[in-house]
Structure formats: C-alpha cells, structure tokens
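Chain residues, written in single-letter form:
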Amino acid sequence: MTTLSTYIRDQAYNRLTVGSIKDNWRSSRKFPVPTLQSDLLPCLSVYLMQEDLNPDGDDNVSVPRYIADAILGLSIFDETTDPEVIDGNVDVLADLIEETLLTDISFVSLKDSTGAPLIESFPRLSRRYHFPSQGEKYFVECRLQLTVRYRCYFAPPTPTALTSVDVTSTPVPTGAVVPNIIIPLPQ
Amino acid sequence: MATFSKPVVVTPKKSQPTAAQFPARGVWTIDNISVIMENDAPMSTRVVKLGIKYADFKFVPMQGDFISSKAGDLPLGYLVEKISPSAMVDFIIDNDQPDGQGGCTYIMKRSTARL
C-alpha cells in the first residue's frame, strides 16, 4: 500500500468521526483489531481494503507510472431487536456516509503534500449487506466499498538533479566565443 | 433439568397469538463466539440457548415466540450491563434444535433494547 492510499483512508475516517455524524456510532476504527465488543455497536469501520496499480500510459516509457485504485471499505455494523427493520437503520447511515464524503469538496478535491490535487475520480461505489446468523442479537452489516482513483509516479531519487545545461560555443574556423547559453530542462 | 432449570415466561406470540403468557422452565447455556465482519474483523458475541423438555409443555413454543427471564436467572456474567437481577430480559426464539430424545434446544436472540 502506498502512503497516499493510507492518507486518503485517514482523511475519510476523519470526516466521518467529527461533528454531528459521529453521534451515529458508539465506536469507530481504522483497523480490524482488537476484537470488537458487542456493547460498542453501532460501529463504523473505515478500512483500506485493497490497492491496485495499473499502468499509466506505455509501461516501458519513463519512470514507473501507475493509475492507482484504492478501495476503501466503509462498514456499519449494528444490532436490532426487530428483524423486520433490520436493514432500515444501516441503510440510512450508509446514505449519510456517501453524502458526507462525496459532497465534501475538501475530500473530493483532496490535496497531496505539495498542494497538488490528489484524487482523480471515484469510479466505483458498491453496497452490500451481511447478516450474521449467530450471535445474541440480530446483527446487520452494511458494507460500502468506495474506489478512489489517483496517479502514482515512482520518480528516481535525484539529489543532484540536472536542471539546466550551460552551453558555451565557439564558431569555427574562427570567431568569437559565444558564452553561457543556459538551457533549462523540464523537470 | 430439575436441578439446573430456571423459571421463564413464555409469550406465544407466534404459535398462539391470542393465548396468554405462561410459566415454564428451561436450562440456559451460553457459547462465546466471534462473528466475522468486513476485512475479517472479529466481533465478540454469544450464542444464548435454552434447553427445554417437551413433556413440560402443553403447547410447545416455536420460532417467533418470546421467552423472558429474570436477569438474575441468566448464566453468571452473561449481562455485562448494569441491570437489576429482578429485571426481565426478553428473548425471541430464532431456531429450535430437537435432540430426538424428548428435549429441544432453542437458539435465542435477545430482543430487549440496548441497555
């Protein structure tokens, strides 16, 4: 996993655990450990599930360049006393999560450490339900998977990078020296 | 059964919708398990079971019926919340598992709201 994916996961988590939306969870977490206790429901989990890097352009040109698809797993786990309404509450909460993240301009146009736009698009958002059959109550888990696409380049470290070329020319067979034509190189 | 059973109250909401509650007895057992959630995250919970003897019942409870018990009659340590031992805790029958020898184990789901 690249640091950028983790950064995006953390930014999503931060936005879902502040303000009024945090009142919907009794607990929240970014890692699947330690074991969740059943008196801490409803629980919001924001995981970095997977990261896929696909070539960005020809794969044998320039430095390794990728289009990264980071899959965030957003899970709401809750209990209910009435199986008739088991999915209603988490459905509302799933809508709230989608709206909170995707209408937040500071998240959608997230910047990296250099101030450049980071996220390119959100090409996929899926929602699934899981009903564990065992346990002391009726449980339901709504699983959102949000794919976040961004570009990821692996430029070689160049502490003495060539930034310009200083050219001094002398016309032949005779002529005055033409000094210091400085040609800046694109970085 | 005679030694370990505890008193319960059966509300036959599903099997006899118009019938009144009636007392019965059963043996409570608890299994501690982990339910696996997204990203293989474990959540600790319990399976609550009530063992009954068919011969003790004129009408046998079925899935969807309610069974209530005093908190103090439930297995020690089951309820971690602060609750009076005399408070009633309601369960709904989620599944029944007859043992073929005149007994049955009910798999219960707690229906009392979050305490």
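None of these values were measured; they are calculated from a predicted model.

All right, on to the overall build of chain A then. What chain A contains, in helices and strands, is three helices and eight strands. When the elements of chain A are put in sequence order from the N terminus, they spell out α-β-β-β-β-α-α-β-β-β-β. The C-alpha radius of gyration computed for chain A amounts to 25 Å, which surpasses the reference 16 Å derived for 187 residues by more than 25%, pointing to a less compact arrangement than a globule. Based on the C-alpha atoms only, the size of chain A along its principal axes is roughly 100 × 35 × 30 Å.

Attention shifts here to the confidence of the model for chain A. Per-residue pLDDT for chain A has a mean of 88; in total, 98% of the residues score no lower than 70. Mean pLDDT across the secondary structure elements of chain A bottoms out at strand S8 (residues 178-184) of chain A, with 81, and peaks at strand S5 (residues 119-130) of chain A, with 94.

Moving on, we come to a nonpolar patch on the surface. Residue and element names in this part refer to chain A. Together, Leu-162, Val-165, Val-178, Ile-181 and Ile-183 line one region of the surface with nonpolar side chains, adding up to about 390 Å² of accessible area. Ranked by the residues each element gives to the nonpolar patch, the list is headed by S8, at three residues. With respect to the element layout, Leu-162 can be found in the loop between strand S6 (138-153) and strand S7 (164-169). In this structure Leu-162 comes out as exposed when scored by relative accessible area, which is 57%.

All names here are of chain A. Across all of its chains, the model carries one cavity of 30 Å³ or more by this definition. Its boundaries defined by the atoms lining it, the largest cavity holds a volume of some 30 Å³. Lining the largest cavity we find Leu-74, Ile-97, Glu-98, Leu-101, Leu-102, Leu-125 and Leu-146. Of the residues that constitute the lining of the largest cavity, the class distribution is six nonpolar, no polar and one charged.

Before going further, it helps to spend a moment on the sheet that holds S6 of chain A. Residue and element names in this part refer to chain A. Across the sheet, which stays open at both edges, the five strands sit in the order S1-S3-S4-S6-S5 with mixed pairing between neighbours. The two strands at the open ends of the sheet, each matched to only one other strand, are strand S1 (27-29) and S5. Strand-to-strand twist in this sheet, taken as the mean axis angle between neighbours without regard to direction, amounts to 20°. Pairing between S1 and strand S3 (residues 43-55): three bridges, direction parallel.

Residues and elements named next belong to chain B. The element strand S6 (residues 103-110) is extensively covered by neighbouring structure, given that seven of its eight residues are classed as buried. As paired strands, strand S5 (residues 88-98) and S6 are joined by seven bridges and run antiparallel to one another. Bridging across to S6, Ile-93 finds its partner in Met-108. What sits between S5 and S6 in their antiparallel hairpin is a turn of four residues, with Gly-100 showing a positive phi close to 80°.

Across the boundary between the two partners, chain B contributes 25 residues, which contact 31 residues of chain A. Of the roughly 2,400 Å² buried between chain B and chain A on both sides combined, carbon and sulfur atoms contribute 51%. Where chain B meets chain A, there are ten residue pairs in polar contact (both at pLDDT 80 or more). Here the side of chain B that touches chain A takes seven residues from strand S3 (residues 42-53) of chain B, the largest share from any one element. Split by residue class, the side of chain B that touches chain A holds 14 nonpolar, five polar and six charged. By the bridge criterion, two bridges tie strand S2 (residues 36-37) of chain A to S3 of chain B in an arrangement that is parallel. Bridge pairing in S3 of chain B links Leu-36 of chain A to Met-43 of chain B.

The rules behind the values
Residues numbered from 1 in each chain as written. Chains lettered and ligands numbered in written order. Predicted model: local features only at pLDDT ≥ 70, side-chain atom pairs only at ≥ 80, totals over all residues. Heavy atoms only, no water. Helix = DSSP H or I, 4+ residues; strand = E, 2+ residues; numbered from the N terminus. Rg over C-alpha atoms; globule rule 2.2 N^0.38 Å. pLDDT = per-residue confidence, 0-100. Patch = residues over 30% accessible without salt bridge, like charges linked within 9 Å, V, L, I, M, F, W, Y side chains within 5 Å. Areas by Shrake-Rupley, 256 points an atom, 1.4 Å probe, with all protein chains shown as cover. Salt bridge = Lys/Arg side-chain N within 4 Å of Asp/Glu carboxyl O. Buried < 20%, exposed > 50% of the residue type's maximum accessible area, 1.4 Å probe, protein only. 1 Å grid on protein atoms, 1.4 Å probe; cavity = no way out; pocket = protein on both sides within 12 Å on 5 of 7 lines; lining within 4 Å. Points joined across faces, edges and corners; volume = space filled by probe spheres on them. Nonpolar A, V, L, I, M, F, W, Y, C, P; charged D, E, K, R; others polar. Pairing = 2+ DSSP bridges. Axes fitted to C-alpha atoms, helices over the stretch in contact; angles between N-to-C directions. Contact = heavy atoms within 4.5 Å. Buried area = accessible area lost by both parts, 1.4 Å probe. Polar contact = N/O pair within 3.5 Å; in protein donor to acceptor, adjacent residues only side chain to side chain.

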